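Observations on the model geometry
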Amino acid sequence: MNGRGKFVVIDGGDGTGKSSAVLHLVQELKGMPVLFTREPGGTVFAEQIRDLLLQDRKGEHVFAETELMLFSAARMQHMGNTVIPTLKEGRHVISDRFSLSTIAYQLYGNGRGDLVKFFEMLDTVAVSGCVPDLYIVLDVDTDTALLRRQKAGGLTRFDKKAADFHRAVRAGFLEHLNRYPYGVVVDASKSEVEVQQEVLKIVKNFLKI
Ligand SMILES: Nc1ncnc2c1ncn2[C@@H]1O[C@H](COP(=O)(O)OP(=O)(O)O)[C@@H](O)[C@H]1O
Ligand SMILES: [Mg+2]
């Protein structure tokens, strides 16, 4: 392939079907020059930061600012060591979650819209001048998403937060998608197969593969 690869993100709240859509892309794009990755994570050290973020805090209050900096730190590693080098090789990158998750959870979910300027400062450093070419947000009402997560079992600390938190998270994704040059909202209330197929179609059209 000639030139730089494209950076594609699949994002949205818990239970919107991101992992399911990404798994389908993995199967359908087998043999294509595409690297699949996720946030927080995507490098050894960034995955270690992920583990830290998901661990039980044993009663200690963790500040929204602390989480924001840790997510940004993981993103810095991910961009510098995985995403940018891969794009430079001419391969595409598809990431499960990215910066909008940080806005949605750490700012909106925590009721800390006042941190948006701080987020922008950190994120500008973390993305290292590379923004997603295609940003897909899967969107579904929060009750449906919760039912799906309950059915799937194994709720994480983020999943267990109250309904108001998840409603704020949803608003965060939708209100900030216009930060990116090409953002698409996918109606994730449809069946799992329909959502998978729609995401595949959007990605294939965009990457021309
Ligand atoms: N469109 C859908 N309709 C019904 N169930 C779905 C749909 N998309 C995903 N699921 C199911 O919901 C659960 C959460 O999906 P998942 O892909 O892990 O979401 P996410 O990665 O966004 O949290 C899984 O059990 C999955 O099979
Ligand atoms: Mg997932």
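What you are looking at is a predicted structure, and each value in this text was computed from that prediction instead of being measured.

Helices and strands together make up the secondary structure of the protein, namely eight helices and five strands. Along the protein, from the amino end to the carboxyl end, the secondary structure elements read β-α-β-α-α-β-α-α-β-α-α-β-α. Computed over the C-alpha atoms, the radius of gyration of the protein is 16 Å, within 12% of the 17 Å expected from 2.2 N^0.38 for a compact globule of 209 residues. Along the first, second and third principal axes, the C-alpha atoms of the protein reach 50 × 40 × 30 Å. Scored against the burial criterion, the 209 residues of the protein give a buried share of 47%. Partitioning the intrachain contacts of the protein with sequence separation of at least 6 by distance along the chain shows that 83% fall at a separation of at least 24. Summed over all atoms, the accessible surface of the protein reaches about 10,300 Å², with 55% contributed by carbon and sulfur. Side chains of the protein carry 27 positive and 26 negative charges; the gap between the two charge centres is 3 Å.

Glancing now at the nonpolar core. One finds Phe 7, Met 79, Phe 98, Leu 100, Tyr 105, Tyr 135 and Phe 173 to be the most contacted residues of the largest nonpolar core, which totals 33 residues. Residues within four places of Leu 100 in sequence aside, it is in contact with Asp 11, Tyr 135, Val 137, Phe 173, His 176, Leu 177 and Tyr 180. Ranked by size, the runner-up nonpolar core spans 23 residues in total, among them Leu 29, Ile 136, Ala 145 and Ile 202.

In the vicinity of ligand 1 lie 15 residues, with Gly 15, Lys 18, Ser 19, Ser 20 and Lys 190 positioned nearest. For ligand 1, an oxygen atom lies 3.0 Å from a polar atom in the backbone of Gly 17. In the complex, 72% of the free accessible area of ligand 1, which totals 560 Å², lies under the protein chains. Judged by the proximity of its atoms to the pocket grid, ligand 1 belongs to the largest pocket. A total of three residues in the shell around ligand 1 trace back to one element, the largest contributor, which is helix 1 (residues 18-28). Tallied by class, residues from the shell around ligand 1 come to three nonpolar, seven polar and five charged.

Roughly 900 Å³ of volume is contained in the largest pocket. Together, 38 residues line the largest pocket, and Asp 14, Gly 15, Lys 18, Ser 19 and Arg 97 are the ones closest to its centre. For the lining of the largest pocket, the secondary structure elements donating two or more residues are helix 1, helix 2 (44-54), helix 3 (64-88), helix 4 (99-109), helix 6 (142-152) and helix 8 (192-207). In terms of residue class, the lining of the largest pocket is built from 12 nonpolar, 13 polar and 13 charged.

Within this structure, the stated rule accounts for five aromatic pairs. Judged by centre distance (5.1 Å) and plane angle (85°), the rings of Phe 7 and Phe 98 are edge-to-face. Within this pair, whereas Phe 7 is found in strand 1 (residues 7-12), its partner Phe 98 is found in the loop between strand 3 (92-96) and helix 4, the two being separated by 91 residues in sequence. For the residue pair Phe 7 and Phe 98, the accessibility class agrees, reading buried in each case. These aromatic residues form a ring-pair network of at least three members: Tyr 105, Phe 165 and Phe 173. If you follow Arg 75 out to its NZ or CZ, it ends over the ring of Phe 98, 5.1 Å from the centre.

Attention now moves to helix 3. Helix length check: helix 3 (25 residues) gives 34 Å between terminal C-alpha atoms against 36 Å at 1.5 Å per residue, within 8%. Along helix 3, the helix axis deviates most sharply at Met 79, where the bend reaches about 45°. Gly 90 occupies a position one or two residues after helix 3 and carries a positive phi of about 95°.

With that settled, the discussion passes to unusual backbone geometry. Negative phi values dominate among residues other than glycine, just as trans dominates among peptide bonds. The residue after Glu 39, namely Pro 40, is reached through a cis peptide bond having omega -15°. Even without being glycine, Arg 97 reaches a positive phi, approximately 80°. When you line up the elements, Arg 97 lands in the loop between strand 3 and helix 4. In this model, Ser 128 sits at a positive phi of 55°, which is unusual for a non-glycine residue. As for its position among the elements, Ser 128 is in the loop between helix 5 (116-127) and strand 4 (134-139).

Analysis parameters
Residues numbered from 1 in each chain as written. Chains lettered and ligands numbered in written order. Predicted model: local features only at pLDDT ≥ 70, side-chain atom pairs only at ≥ 80, totals over all residues. Heavy atoms only, no water. Helix = DSSP H or I, 4+ residues; strand = E, 2+ residues; numbered from the N terminus. Rg over C-alpha atoms; globule rule 2.2 N^0.38 Å. Buried < 20%, exposed > 50% of the residue type's maximum accessible area, 1.4 Å probe, protein only. Contact = heavy atoms within 4.5 Å. Areas by Shrake-Rupley, 256 points an atom, 1.4 Å probe, with all protein chains shown as cover. Lys, Arg positive; Asp, Glu negative; His and termini not counted. Charge placed at Lys NZ, Arg CZ, Asp CG, Glu CD. Core = buried A, V, L, I, M, F, W, Y, C linked by side-chain atoms within 4.5 Å. Near = heavy atom within 4 Å. Polar contact = N/O pair within 3.5 Å; in protein donor to acceptor, adjacent residues only side chain to side chain. 1 Å grid on protein atoms, 1.4 Å probe; cavity = no way out; pocket = protein on both sides within 12 Å on 5 of 7 lines; lining within 4 Å. Sits in = over half its atoms within 2 Å of the grid points. Nonpolar A, V, L, I, M, F, W, Y, C, P; charged D, E, K, R; others polar. Points joined across faces, edges and corners; volume = space filled by probe spheres on them. Phe/Tyr/Trp six-rings, centres within 6.5 Å; stacked < 30°, edge-to-face > 60°. Lys NZ or Arg CZ within 6 Å of the ring centre and 35° of its normal. Expected span 1.5 Å × (residues − 1). Bend = angle between axes of the 7 residues up to and from the residue.

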